[in-house]
Amino acid sequence: MNHLTTMRTMFHALIFATMSLCFFAPDASAQDTSKRVIILKFDTLDVDTDLMDTFYSELHERVDAHEQKKVVPGGDVSINEMALTMGCPDGPTTECLVQLQDFVEGDQLLFGSVQRADDIHLFTVKIFDFNTQSFEATMEDQTVDGDTQRVKKAIPALIDGLLYGDVGELGIKVAGNESYDIFLDGELVAKSSTALDNLPLGEHVVVVRSTSGEEQTQKVILTKDEPANLTFNFAGATAPGDDGGKNKLLLPGAALVVAGVAGIGFGTFQYLNYRNDATWLNDNTTCAGSPGVAASSPDCQTPAFSSSDAAQEYQNDFNKDYEQQRTRAIIGWSAGSALTVLGGALIYMGGKKNEATSMSTTKNKLKFNVVTTQSYQGLQLQGSF
C-alpha cells in the first residue's frame with residue numbers, strides 16, 4: 001500500500017508540475033522581451049559639454065521609453081576605443097562589432113559622434129544589433145543649424161527619427177498670384193500647396209521659388225507626434241495677421257443682399273397691384289356692359305363705366321399702366337435676384353478662409369445683360385466663381 005500511495009503522489013505531482021509549466025510559461029516568455037541597449041560614449045569635436053549632457057539625457061530617456069528597448073550600463077568607452085582594443089584597424093565595421101558580442105552584456109550598441117563647425121552641428125548615430133549582426137538604424141551626418149538652444153530643441157526629434165523611422169508630417173501653404181516650385185532639402189516635391197508625410201524627423205530646409213524668380217526659405221524641425229506647418233506669402237498674397245480684405249467684402253455683400261430682397265419685394269408689390277387692378281377692371285368692364293350687374297356694384301357707379309364706350313376708353317388708358325406695372329415687377333424680380341446672388345457671393349468670399357484674396361477677372365466674373373423677348377423682359381445675371 002505504501003508503495004502504491006507513493007506512486008500516486010508522484011503521478012499527481014508530475015501532473016501539477018506540467019500544468020504549472022503550461023500556465024506560467026507564456027507569462028515568463030512575455031515578461032521581458034525588451035532589447036538591452038548599451039549607449040556608448042560619443043566622439044565629439046568642439047561641442048559644448050552642456051549640449052552633450054542634454055544629448056545623453058535625451059538618449060537615455062527616449063530609448064528607455066521605447067516599448068522594445070531598455071538602457072543597460074556599460075557605456076563608459078567610445079566605439080573607437082573598443083574597436084582599437086579588439087584590434088580592428090578599419091574601425092567599427094560589422095565584422096569588428098560582431099566580435100564584441102562576447103565582451104558586452106547587451107543586445108544592442110548605440111554609438112556615434114557629434115561635431116560642430118561654427119553654428120552647424122553634425123550628428124551621426126547608429127544602433128547595431130548583435131542578434132541580427134547588422135545595423136538596426138543609422139543616422140549619418142544629420143545637420144542642425146543655429147545656436148545651442150536651437151540644437152537642443154532639435155535633439156529629441158533626431159533621436160526619435162533614429163528609433164521610429166520616417167514619421168514626420170509637414171504641411172506647406174503657398175499664397176500668391178504665380179506658379180511655384182517647392183523644394184524640400186533641395187528636392188522638388190510639389191508645384192503648389194501640399195501636405196507631406198513619412199518624412200525623416202529632425203531639421204529640414206524648405207525653399208519655394210516663383211516663376212518670376214522670387215525665392216523664400218524656411219527651416220523646420222519635424223517631431224514625432226506633432227505635424228508642422230509652414231506658410232509662404234508672395235506678392236499679392238495675404239500677409240500674416242491680415243484678412244486680405246476678405247472681411248471688407250462682408251458689409252457690401254450684406255448691403256447688396258438687403259437691396260436684392262427689397263427689389264424682389266418691389267417686384268412682388270407691382271405684380272400684386274397689376275393683378276388686382278386687372279381683376280377690378282375686368283369685373284367693372286363687364287358690369288358696365290351689363291346693366292343688371294351695375295345695380296349691385298358700387299364701382300359701376302363710376303362715371304368711367306357709365307357706358308361701354310367710356311369703359312373701353314378707360315381700359316385703353318389702364319392697359320398702359322398695366323404694362324408699366326408688369327414691366328416694373330419683372331425688373332424688380334430680376335434686379336433683386338441679381339443683387340441677392342451678387343451679395344451672397346461677396347459674403348461667401350468674404351467668409352471663406354485660407355484662399356488667395358485676389359479676384360481674377362478671368363475666374364470671377366459677374367455680367368448683367370438686359371434680355372427682352374416675347375415671353376420675358378428684364379435683367380439676366382451671368383457669373384462664375
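Preceding block: the structure.
Let us look at the structure shown here. Since we're looking at a predicted model, the values are computed, not measured.

What follows is about the side chain of Ser113. Residue placement: Ser113 occurs in strand β4 (residues 108-117). By relative accessible area, Ser113 is classed as buried at 16%.

Aromatic rings considered in pairs are described by the distance between their centres and by the relative angle of their planes. Applying the stated rule across the entire model yields 8 aromatic pairs. On the basis of an interplanar angle of 80° and a centroid distance of 5.0 Å, the ring pair of Phe42 and Phe55 is categorised as edge-to-face. Of this pair, Phe42 sits in the loop between β1 (35-39) and β2 (43-45) while Phe55 sits in helix α2 (residues 49-65), and the two are 13 residues apart along the sequence. Both residues of the pair, Phe42 and Phe55, count as buried. Ring geometry for Phe55 against Phe123: centres 5.7 Å apart, planes inclined by 45°, an arrangement best described as tilted. With Phe55 in helix α2 and Phe123 in strand β5 (residues 120-129), this pair connects stretches of sequence that are 68 residues apart. Each member of the pair, Phe55 as well as Phe123, is classed as buried. An aromatic cluster is defined as three or more aromatic residues linked by ring pairs; in this entry it consists of Phe42, Phe55, Tyr56 and Phe123. Lying over the aromatic face of Phe135, Lys126 brings its terminal NZ or CZ to 5.5 Å of the ring centre.

Let us now look at the sheet that holds strand β12 (residues 215-222). Ordered by their spatial adjacency, 4 strands build an open sheet running β9-β8-β11-β12, and the pairing between neighbours is antiparallel. In the strand order of this sheet, the two ends are held by β9 (187-190) and β12, each with one partner. This sheet shows a mean twist of 30° between the axes of neighbouring strands, independent of strand direction. Relative to β12, strand β11 (residues 202-210) runs antiparallel, the two sharing 8 bridges. Residue pairing across strands places Val205 opposite Lys219, the latter belonging to β12. Against the sheet, helix α5 (residues 148-164) makes contact with β11 and β12, and its axis sits at roughly 60° relative to β12, the strand it touches most.

Let us now look at the nonpolar core. Ranked by internal contacts, the top residues of the largest apolar core, which has 45 residues, are Phe55, Leu110, Phe123, Leu170 and Val206. In contact with Leu170, other than residues within four places in its own chain, are Leu184, Thr194, Ala195, Leu196, Leu199, Val206, Val220, Leu222, Ala228, Asn229 and Leu230. One finds Ile79, Leu97, Val104 and Phe130 within the second-largest nonpolar core, a separate group that totals 12 residues.

Turning our attention to α2. Spanning 17 residues, α2 covers 24 Å between terminal C-alpha atoms, matching the ideal 24 Å at 1.5 Å per step. For α2, the full list of buried residues reads Leu51, Met52, Phe55, Glu58, Leu59 and Val63. All buried residues of α2 project into a common sector of 125° when viewed along the axis, lining one side. Turned more than 90 degrees off the buried face of α2, the exposed positions are Thr49, Glu61 and Ala65.

Residue position: His121 is located in strand β5. With sequence-adjacent residues up to four places away left out, His121 is seen in contact with Val47, Leu51, Gln115, Arg116, Gln142, Thr143, Val144 and Val151.

Okay, α5 next. Working note: α-helix, 3.6 residues per turn, so residues spaced by three or four point in the same direction. A rise of 1.5 Å per residue sets the reference length of α5, with its 17 residues, at 24 Å; its end C-alpha atoms lie 25 Å apart and thus fit the reference within 8%. Most of α5 is tucked away, with 12 of its 17 residues classed as buried. In the segment just after α5, Gly165 is the residue with positive phi, at about 90°.

The subject of this paragraph is the sheet that holds strand β10 (residues 194-199). Read across the sheet, 3 strands follow the order β10-β7-β13 without closing on themselves; strand pairing throughout is mixed. Edge positions in the open sheet fall to β10 and β13 (228-233), since each of these has one partner strand only. Going across the sheet, the axis of each strand differs from the next one's by a mean of 20°, ignoring polarity.

On to a nonpolar patch on the surface. On the surface, Ile264, Tyr271, Leu272 and Trp333 cluster together to form a nonpolar patch covering roughly 330 Å² of accessible area. Of all the elements, helix α6 (residues 250-288) adds the most residues to the nonpolar patch, at 3 residues. Tracing the backbone shows Leu272 in helix α6. A relative accessible area of 46% places Leu272 in the partly exposed class.

For Asp46, which is not glycine, the phi dihedral falls at a positive 60°. Structurally, the position occupied by Asp46 is in the loop between β2 and α2. Residue Asp185 is not a glycine yet carries a positive backbone phi of 50°.

In terms of burial, strand β8 (residues 180-184) is a largely internal element, 4 of the 5 residues being buried. Summarising the sheet, β8 and β11 pair through 5 bridges and their orientation is antiparallel. Note on β11: the bridge partner recorded for Phe183 is Val207. The sheet contact formed by β8 and β9 spans 3 bridges and is antiparallel. When the bridges of β9 are listed, Ile182 appears paired with Ala190. Connecting the antiparallel pair β8 and β9 is a turn made up of 2 residues, with Asp185 showing a positive phi of about 50°.

Definitions and limits used
Residues numbered from 1 in each chain as written. Predicted model: local features only at pLDDT ≥ 70, side-chain atom pairs only at ≥ 80, totals over all residues. Heavy atoms only, no water. Helix = DSSP H or I, 4+ residues; strand = E, 2+ residues; numbered from the N terminus. Buried < 20%, exposed > 50% of the residue type's maximum accessible area, 1.4 Å probe, protein only. Phe/Tyr/Trp six-rings, centres within 6.5 Å; stacked < 30°, edge-to-face > 60°. Lys NZ or Arg CZ within 6 Å of the ring centre and 35° of its normal. Pairing = 2+ DSSP bridges. Axes fitted to C-alpha atoms, helices over the stretch in contact; angles between N-to-C directions. Contact = heavy atoms within 4.5 Å. Core = buried A, V, L, I, M, F, W, Y, C linked by side-chain atoms within 4.5 Å. Expected span 1.5 Å × (residues − 1). Arc of directions from axis to C-beta. Patch = residues over 30% accessible without salt bridge, like charges linked within 9 Å, V, L, I, M, F, W, Y side chains within 5 Å. Areas by Shrake-Rupley, 256 points an atom, 1.4 Å probe, with all protein chains shown as cover. Salt bridge = Lys/Arg side-chain N within 4 Å of Asp/Glu carboxyl O.

No statement about biological role is implied by the geometric values presented.
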